[in-house]
Amino acid sequence: YDWNVEYMYWKPDCVESLVMGINGKFPGPTITAKAGDTILVKLTNKLHTEGVVIHWHGIRQLETPWADGTAAISQCAINPGDTFLYNFTVDKAGTYFYHGHYGMQRSAGLYGSLNVDVADGAKEPFAYDDEITILLSDWWHQSVHKQEVGLSSKPFRWIGEPQSILINGKGQFGCSLGGEFINGSTKCSQDIDEQCQPEVFSIQPKKKYRVRIASTTSLASLNFSIGNHTMTLVEADGNYVQQVEVDSLNIYSGDTYSVLIETNQYPSTNYWISAYQIARKPPHPLRPGLTILNYKPKAPNPVLDAPSSSPLPTPPLWNDFTGGKSFASKILALQSDQLTIPKPPTSFDRRIVLLNTQNNNSGYIRWSINNVSLVLPTTPLLGSLKYGLLNGLDSEKPAEDFPANYDVMKPPVNPNSNSGGSVYKFDYGITIDVIIQNANVLEPHTSEVHPWHLHGHDFWVLGYGEGRFSSESSNLNLKNPPLRNNVVLFPHGWTAIRFVTDNPGVWPFHCHIEPHLHMGMGVVFAEAVNRIKTVPSGVLECGLTAKTILADSITSPDPLGAPSPSPSPGGVSSLGPMGAVNLIFIYLFVLCWLYVC
Ligand SMILES: O=C1O[C@H]([C@@H](O)CO)C(O)=C1O
């Protein structure tokens, strides 16, 4: 793929805004691949004054940790005008997406779908005739730059709830397709702009469809449903799950699912596809993302024909966390004789408890993990760790637990926290348990939902619980825990996950809510960095690593160390031509010295 990232005027929800698009499109193009394929994306930064990177959400980047697309962690941001080549393998079939991972560029619209089919000759554990892809997002009229400044200002300015929920990049602000069914809402007029006309999903009757659904929302958690169509859940985050029938899905930012539907309903009616905001109090009147499922051959005008649809699905109560937990507990690993579904090791080698707190550092509102609010360094951590550049790293070792007397049900007694790069170092081949522990925010009796996402891995979700985690009394599921890369943390509760450190790299683990990560809600796992062999030129030529690489002359032939326009596919050795010359020189010198002695 040859992609240009640029700002464009666009009307995602019928209101003109600046949107970050790819090749003049918003959302970016859908990538469709087969398991085992190599993906090459030549990304040119056409933003005039900002760097850019793209993260391939859910792709583990086996042996290509430098292609994970996290600015200041796995690579230097690509400068305006520069081109960078992402070169990685999609090793496993599933539903994924990609998005910006620098500042709040995901919220600016830098995202698209990434679907991986099974390799030729391989079979999914379910059958379907065709598929549709749905990418959910949320949209603000305030630019992400204003949002970012507000979040780091004193006094703090919160971004508020989204103006619109988008389905495949389209929403309607100030009106609703389902206007007559939503208290206080008005129906959209016919002549809404093409850029915000809902995408109608037209399907053939009497077939089985796979619906791939991913959420790249900045903030919103969503309840997704398709009117009159029961959904059979078959995949979560690129892993097969036990088939279970549901009427709706609770989908948090960073989650992906596949469901199967039978198109067995009366074909002359249209059916609503709806995404209602949950887990945070939504605005009034409700502003769900809406579109329609339509049976061919009748091709509807979505605005005119929406009222002739079956009844609009009713939203759940936004704070129905009991329903949310019941849905989460239905997601279990598929048990299969035909497929090898990895089981978790029965015990762990190291357990890390991560307390999530909201803090007030002299009027600056931050989120912290074990009292450290993540601030990324200017040199990518992959480089500082690989080359042992201590100046690029925090000397402070992050805490593995939090004080026994901390009351997770109350606001913090001391709301102050520290800032830094919270890097946990892991040896190769050990089993890590992480307990993500939620707490009360600064406001009494309040705790929020946080979806946590791990890069470079799938993890087993061992369980969820209320209050403070206790190793004696908290139940963990070792029998059939689902493998995922994203997991919800419920208010005032805990979530336990397990993974094995078998993928050398530097992997962020963070809240997938964009403003929360911006406010420090994450940590970094540095895993067996000594085993990372090659890093192509163009990845680390910034900050302290630029100096090291130049000084050692071990990389880019480009004397300025600027990201090379096209690193060769598969990566080039960090030992560039100059490094080889140096080695020969040292070898000759040692030989002469031995001879003289
Ligand atoms: O990070 C957040 O800040 C606000 C609020 O807690 C303080 O204004 C909010 O709702 C968040 O999720």
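Within every chain, residues take consecutive numbers counted from 1 along the sequence as written. It should be noted that, the model being predicted, local features are given only for residues of pLDDT at least 70 and side-chain atom pairs only at 80 or more, the latter also being counted only at that level, while totals for whole chains, interfaces and linings use all residues. To obtain the side-chain values, all non-hydrogen atoms of the structure were used and water was disregarded.

**Digging into the overall build of the chain**
Alright, step 1. Under the scheme used here, helices are H or I runs from DSSP no shorter than 4 residues and strands are E runs no shorter than 2 residues, and both carry numbers assigned from the N terminus. Summing up its helical and strand segments, the chain has seven helices and 32 strands in all.
Alright, step 2. We compute the radius of gyration over the C-alpha atoms and compare it with the globule rule, which gives 2.2 Å times the number of residues raised to the power 0.38. Taken over C-alpha atoms, the radius of gyration comes to 24 Å for the chain, in line with the 25 Å a tight globule of 597 residues would show.
Alright, step 3. Across its three principal axes, the chain shows a C-alpha extent of roughly 95 × 55 × 55 Å.
Alright, step 4. Each residue is assigned to one of three classes by its accessible area relative to the maximum for its type, calculated with a 1.4 Å probe on protein chains only: buried under 20%, partly exposed between the two thresholds, exposed over 50%. Relative to its full complement of 597 residues, the chain shows a buried share of 58%.
Alright, step 5. Look at the contacts in the chain between residues 6 or more apart in sequence, and 78% of them connect residues 24 or more apart.
Alright, step 6. Accessible surface, the chain as shown: approximately 24,200 Å² in total, 54% of it carbon and sulfur.
Alright, step 7. Positive charges come from Lys and Arg alone, negative charges from Asp and Glu alone, with His and the N- and C-terminal ends not counted. For charged residues, the charge sits on one atom: NZ in Lys, CZ in Arg, CG in Asp, CD in Glu. Considering the chain, the positive charge centre built from 41 side chains and the negative charge centre built from 52 side chains are found 2 Å apart. Contact criterion: two residues are considered in contact whenever any of their non-hydrogen atoms come within 4.5 Å of each other. For every accessible area listed, the method is Shrake-Rupley and the probe measures 1.4 Å; residues are considered covered only by the protein chains on display.

**Quick notes on the packing of aromatic side chains**
Alright, step 1. We call Phe, Tyr and Trp rings a pair once their centres come within 6.5 Å, taking the six-membered ring for Trp, and we label the pair stacked below 30 degrees between planes, edge-to-face above 60, and tilted otherwise. Tallying each qualifying case throughout the model produces 25 aromatic pairs.
Alright, step 2. An angle of 50 degrees between the planes, with centres 5.0 Å apart, marks the rings of F426 and F525 as tilted. Remark: F525 occurs in strand β32 (residues 522-527) and F426 occurs in strand β24 (residues 423-426); sequence separation between them is 99 residues.
Alright, step 3. Given the relative accessible area of 0%, F525 is considered buried.
Alright, step 4. Ring-pair connections join several aromatic residues into one group, and the members of that group are Y1, W3, W56, F84, Y86, F88 and Y98.
Alright, step 5. Over the ring of Y428 we find R531, and its NZ or CZ is 3.7 Å from the ring centre. Our definition puts a charge over a ring when NZ of Lys or CZ of Arg is within 6 Å of the ring centre and also within 35 degrees of the ring normal.

**Description of the sheet that holds strand β14 (residues 231-236)**
Alright, step 1. When DSSP finds two or more bridges between a pair of strands, those strands are recorded as paired. What the six strands build is an open sheet, ordered β10-β9-β12-β17-β14-β15; its pairing is mixed. Unpaired on one side and paired on the other, β10 (164-167) and β15 (239-246) mark the two borders of the sheet. Pairs of neighbouring strands in the sheet enclose a mean axial angle of 25 degrees, with direction left out of account. Fitting a line to C-alpha atoms yields each axis, with helices limited to the stretch in contact; the angle taken between N-to-C directions then spans 0 to 180 degrees.

**Overview of the sheet that holds strand β29 (residues 486-489)**
Alright, step 1. Spatially, β24-β32-β31-β26-β29 is the arrangement adopted by the five strands of the open sheet, whose pairing is mixed. What marks the edges here is a single partner per strand, and that holds for β24 and β29. Recorded for the sheet is a direction-independent mean angle of 20 degrees between the axes of neighbouring strands.
Alright, step 2. Pairing of strand β31 (residues 505-511) with β32, which is carried by six bridges, proceeds in the antiparallel orientation. Note on β32: the bridge partner recorded for G505 is E527.

**Section: the environment of L544**
Alright, step 1. Its place among the elements puts L544 in helix α6 (residues 543-552).
Alright, step 2. For the pair L544 and L389, spaced 155 residues apart in sequence, the C-alpha separation works out to 7.6 Å.
Alright, step 3. Ignoring anything within four residues of it in the chain, the contact list for L544 reads T379, L389, N391 and G392.

**What about the pairing of β10?**
Alright, step 1. Because side chains alternate across β10, one face comprises the buried residues S164 and L166, and the other comprises I165 and I167, equally buried.
Alright, step 2. Inspection of the sheet shows strand β9 (residues 130-139) paired to β10 by four bridges, in the antiparallel sense. Bridge pairing in β10 places S137 opposite L166.

**Thoughts on the UniProt feature "domain: Plastocyanin-like" (unreviewed entry) in the chain**
Alright, step 1. UniProt positions are given in the numbering used here, feature names are shortened, and annotations may be inferred rather than shown by experiment. According to UniProt, the positions carrying the feature "domain: Plastocyanin-like" (unreviewed entry) are residues 5-117, 131-296 and 414-528.
Alright, step 2. Overall, residues 131-296 shows 5% helix and 42% strand. The separation of its end C-alpha atoms is 15 Å.

**Some thoughts on the side chain of S221**
Alright, step 1. When you line up the elements, S221 lands in strand β13 (residues 221-226).
Alright, step 2. Among the residues examined, S221 registers a relative accessible area of 4% and is labelled buried.
Alright, step 3. Not counting residues within four places of it along the chain, the set of residues in contact with S221 comprises I251, Y252, Y276, Q277, I278, A279 and V449.

**Looking at the state of the cysteines**
What we call a disulfide is simply a covalent bond connecting the sulfur atoms of a pair of cysteines.
Alright, step 1. Our working definition of a disulfide is a cysteine sulfur pair at a distance within 2.5 Å. Enumeration according to the criterion identifies three disulfides in this entry.
Alright, step 2. Disulfide pairing is shown between C14 and C196; the S-S distance is 2.0 Å. Residues C14 and C196 share a disulfide whose torsion about the S-S bond is about 100 degrees; that sign makes it right-handed. With C14 in the loop between β1 (2-10) and β2 (17-22) and C196 in the loop between β10 and β11 (201-203), this pair connects stretches of sequence that are 182 residues apart.
Alright, step 3. Classification of C14 by relative accessible area gives partly exposed; the value is 25%.
Alright, step 4. Residue C196 is classed as buried on the basis of its relative accessible area of 0%.
Alright, step 5. Across the disulfide from C76 sits C542; the S-S distance is 2.1 Å. Across the disulfide from C76 to C542, rotation about the S-S bond amounts to roughly -90 degrees, and the bridge is consequently left-handed. Here C76, found in the loop between β5 (54-57) and β6 (83-89), pairs with C542, found in the loop between β32 and α6; they are 466 residues apart in sequence, far enough to count as distant.
Alright, step 6. In this structure C76 comes out as buried when scored by relative accessible area, which is 4%.
Alright, step 7. According to the relative accessible area criterion, C542 is partly exposed, its value standing at 21%.
Alright, step 8. For the chain, the disulfide bridges join cysteines in the arrangement 1-5, 2-6, 3-4, where the cysteines are counted in sequence order.

**Re α6**
Alright, step 1. Within α6, the full set of buried residues consists of T545, A546, T548 and I549. In an axial view of α6, the angular spread of the buried residues amounts to 170 degrees, which keeps them on one side of the axis. Opposite its buried face, α6 presents the exposed residues K547 and A551, each directed more than 90 degrees away.
Alright, step 2. Next to the buried residues of α6 lie α4 (381-386). Picture the helix axis, draw a direction to every C-beta atom, and the arc is the one those directions span.

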